[in-house]
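In case you want the letters, here they are:
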Amino acid sequence: GKSMADKLRFGIYCEVQNGDGFDSAKTTRDVLDLILHADRLGYDVFSLIEHHFFPQFGISANPLAMFAAAAQATRNIRFRTLCHTLPLTNPAVKAGEIAVVDILTGGRLDCGVGRGHPWEYPPIGMPLEETQGRFEEALEILEQAFTMERFSYSGKYYQLEDIAVVPKPIQKPYPPVYMVGTSGASFDLGARKGWALAFGGPAPVSTFKPGVDRYLEACAKYGTKPTVACVRCVYMAEDERRARAEVEPALKGFFANNARPIYSVNPHMKQKLVQGGYAFYTTGMLEALTKLSYEEIVAGGYAFIGTPQKVLDQCAELREQIAVDEITIISHFGNIEPWKAAKTQELFAQEVVQKLRGS
């Protein structure tokens, strides 16, 4: 079996959704409290998205600041941005910001990287067709910024002249990297570098299996060690009826919030989305989520909802489908009341983490 070093890890992920009429300062503080709560319960990692301009989807505009704050009041939990939306900022600047927070967290930082959602680019006037190229250049620049005293870089989008990025991260050679998304090219790159893969979202687990398999095959090809983290929306209560009564509005809100920004991307941009490698967003799958009934969401495994035993069974089933190293749950979603998110974090820690860790 797996050695102790390879034991199953558990985490929390949050988009910091903030619906109409909600106070964004309060929501931000609520999530900070949930990070401290997760640390006390023994979770391994807390992940936040980086997301801009669409409050219902998420107001997590500066996850690094949240982590620097949370690090001062926690002992063990690690912190991971899922993901830094690399094309939005100059990667040489971002590298220094990440390094400062690696220092302030005492080396408890993971670095998730991706292109993020396509709707973040039109508001800042960045052409969608540039995002993949910018992302690829940014990855090269980040790696050099973390490991080289000085370097120059000449790409299509970034030209850097004899630059010293300081400070350096305290984790060597740099914080663990997590790739997100569904693109074959980035999976191959991640596998070659020995970087981890994080997958998940409001879809059945089976949706993600082909991509994970591709990553695992690529790791085998390059002789690197795969690390796979799965994200699932979870709500737990003592019985099914109570779970439904407590979570249904927030769950429906979560699915609606996830789809809402897609309506900002004009239909005439479909061609651009496809050209930019964002074809998924033209499939109508996000919009279809909003039509699902509560029963369909639960029966289809779009979220793990119900009694502790049921969620434990679903997590065990997930592990039979895909060999995951980490199960990360979304506890705060769709304007859920903070006490409900805390309750799920607690029940999951007691009823699922302890039982699966033992196995």
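This text goes with the structure placed above it.
Since the structure is predicted, the reported quantities are computational estimates derived from the model, not experimental observations.

### Here we look at the overall build of the protein chain
Alright, step 1. Scanning the protein chain from N- to C-terminus turns up twelve helices and eleven strands.
Alright, step 2. Rg of the C-alpha trace for the protein chain: 20 Å, near the compact-globule value of 21 Å for 359 residues, within the 12% margin.
Alright, step 3. Overall, the protein chain is about 60 × 50 × 45 Å in size when its C-alpha atoms are taken along their principal axes.
Alright, step 4. A buried classification covers 54% of the 359 residues belonging to the protein chain.
Alright, step 5. At a minimum sequence separation of 6, the contacts of the protein chain that also span at least 24 residues come to 76%.

### Topic: the packing of helix α2 (residues 63-71) against helix α3 (residues 91-104)
Alright, step 1. It is at 9 Å that the axes of α2 and α3 come closest, and there the two elements cross at 15 degrees. It follows that α2 is roughly parallel to α3 by the angle criterion. Seen from above, α2 lies across α3 with left-handed handedness. Every residue of α3 that contacts α2 at L64, F67, A68 and A71 is listed here: E97, I98, V101 and L104.
Alright, step 2. Residues of the contact of α2 with α3, tallied by class, amount to seven nonpolar, no polar and one charged.

### Thoughts on the nonpolar core
Alright, step 1. Core analysis: the biggest nonpolar cluster contains 120 residues, and Y43, F46, L251 and F348 have the highest contact counts within it.
Alright, step 2. In this view, L251 contacts C233, Y294, I297, A303, I305 and F333; residues no more than four positions away in its chain are not counted.

### What to know about empty space enclosed by the protein
By rolling a water-sized probe across the atoms, one finds the places where empty space is left.
Alright, step 1. Taken as a whole, this structure holds one cavity of 30 Å³ or more when the rule is applied.
Alright, step 2. Here the largest cavity defines a volume of roughly 60 Å³.
Alright, step 3. Considering the residues around the largest cavity, the lining is formed by C111, V113, L139, L142, E143, F146, Y174, V177 and W195.
Alright, step 4. Those elements giving two or more residues to the lining of the largest cavity turn out to be β4 (109-114) and α4 (131-147).
Alright, step 5. Examining the composition of the lining of the largest cavity, we find that four residues originate from one element, α4, more than from any other.

### With respect to helix α7 (residues 240-259)
Alright, step 1. The end-to-end C-alpha distance of α7, which contains 20 residues, comes to 27 Å, matching closely the 28 Å that a straight helix rising 1.5 Å per residue would cover.
Alright, step 2. At V247, α7 shows its maximal bend, which comes to roughly 55 degrees, and the proline P249 appears one to four places after that position.
Alright, step 3. Of the surrounding elements, those touching the buried residues of α7 are β9 (228-236), α9 (285-289), α10 (294-299), β10 (304-306), β11 (326-330) and α12 (338-358).
Alright, step 4. A distance of 3.1 Å separates the backbone nitrogen of R241 from a side-chain oxygen at the start of α7, and that oxygen is part of D239.

### Quick look at the environment of D30
Alright, step 1. Structurally, D30 is set in helix α1 (residues 24-40).
Alright, step 2. As for D30 and P338, which are separated by 308 residues in sequence, their C-alpha atoms are 6.5 Å apart.
Alright, step 3. A distance of 2.7 Å separates polar atoms of two side chains, one belonging to D30 and the other to K26.

### Structural notes on the packing of aromatic side chains
Alright, step 1. Counted under the stated rule, the structure contains nine aromatic pairs.
Alright, step 2. Measuring from ring centre to ring centre gives 5.6 Å for F254 and F255, while their planes differ by 90 degrees; the resulting arrangement is edge-to-face. Each member of the pair, F254 together with F255, is buried.
Alright, step 3. Taken together, the ring pairs in this structure connect F254, F255, Y302 and F333 into an aromatic cluster.
Alright, step 4. The ring of Y178 carries the charged tip of R80 above its face, separated from the ring centre by 3.7 Å.
Alright, step 5. Seen from the ring of F304, R232 lies directly overhead, with NZ or CZ sitting 5.5 Å from the centre.

### Digging into the environment of K221
Alright, step 1. As for its placement among the helices and strands, K221 is situated in helix α6 (residues 209-222).
Alright, step 2. Since its relative accessible area comes to 58%, K221 is described here as exposed.
Alright, step 3. Between the alpha carbons of K221 and A191 there is a distance of 8.7 Å; along the sequence they are 30 residues apart.

### Description of the state of the cysteines
Alright, step 1. Taken as a whole and assessed by the stated rule, the structure comprises zero disulfides.
Alright, step 2. A disulfide-free cysteine, C230 has its sulfur positioned 8.3 Å from the sulfur of C315, the nearest such atom.
Alright, step 3. Judged by its relative accessible area of 1%, C230 falls in the buried class.

### Regarding the pairing of β4
Alright, step 1. Counting buried residues in β4 gives six out of six residues, a clear majority hidden from the surface.
Alright, step 2. Looking at chain direction, strand β3 (residues 78-85) and β4 are connected through five bridges and run parallel. In the strand pairing of β4, T81 is matched with C111.
Alright, step 3. Taken together, β3, α3 and β4 form a β-α-β motif whose crossover is right-handed.

How each quantity is defined
- Residues numbered from 1 in each chain as written.
- Predicted model: local features only at pLDDT ≥ 70, side-chain atom pairs only at ≥ 80, totals over all residues.
- Heavy atoms only, no water.
- Helix = DSSP H or I, 4+ residues; strand = E, 2+ residues; numbered from the N terminus.
- Rg over C-alpha atoms; globule rule 2.2 N^0.38 Å.
- Buried < 20%, exposed > 50% of the residue type's maximum accessible area, 1.4 Å probe, protein only.
- Contact = heavy atoms within 4.5 Å.
- Axes fitted to C-alpha atoms, helices over the stretch in contact; angles between N-to-C directions.
- Parallel < 35°, antiparallel > 145°, perpendicular 65-115°, else oblique.
- Left-handed = near helix turned anticlockwise from the far one by under 90°.
- Nonpolar A, V, L, I, M, F, W, Y, C, P; charged D, E, K, R; others polar.
- Core = buried A, V, L, I, M, F, W, Y, C linked by side-chain atoms within 4.5 Å.
- 1 Å grid on protein atoms, 1.4 Å probe; cavity = no way out; pocket = protein on both sides within 12 Å on 5 of 7 lines; lining within 4 Å.
- Points joined across faces, edges and corners; volume = space filled by probe spheres on them.
- Expected span 1.5 Å × (residues − 1).
- Bend = angle between axes of the 7 residues up to and from the residue.
- Polar contact = N/O pair within 3.5 Å; in protein donor to acceptor, adjacent residues only side chain to side chain.
- Phe/Tyr/Trp six-rings, centres within 6.5 Å; stacked < 30°, edge-to-face > 60°.
- Lys NZ or Arg CZ within 6 Å of the ring centre and 35° of its normal.
- Disulfide = S-S within 2.5 Å.
- Pairing = 2+ DSSP bridges.
- Right-handed = clockwise from strand over helix to strand, strands pointing away.

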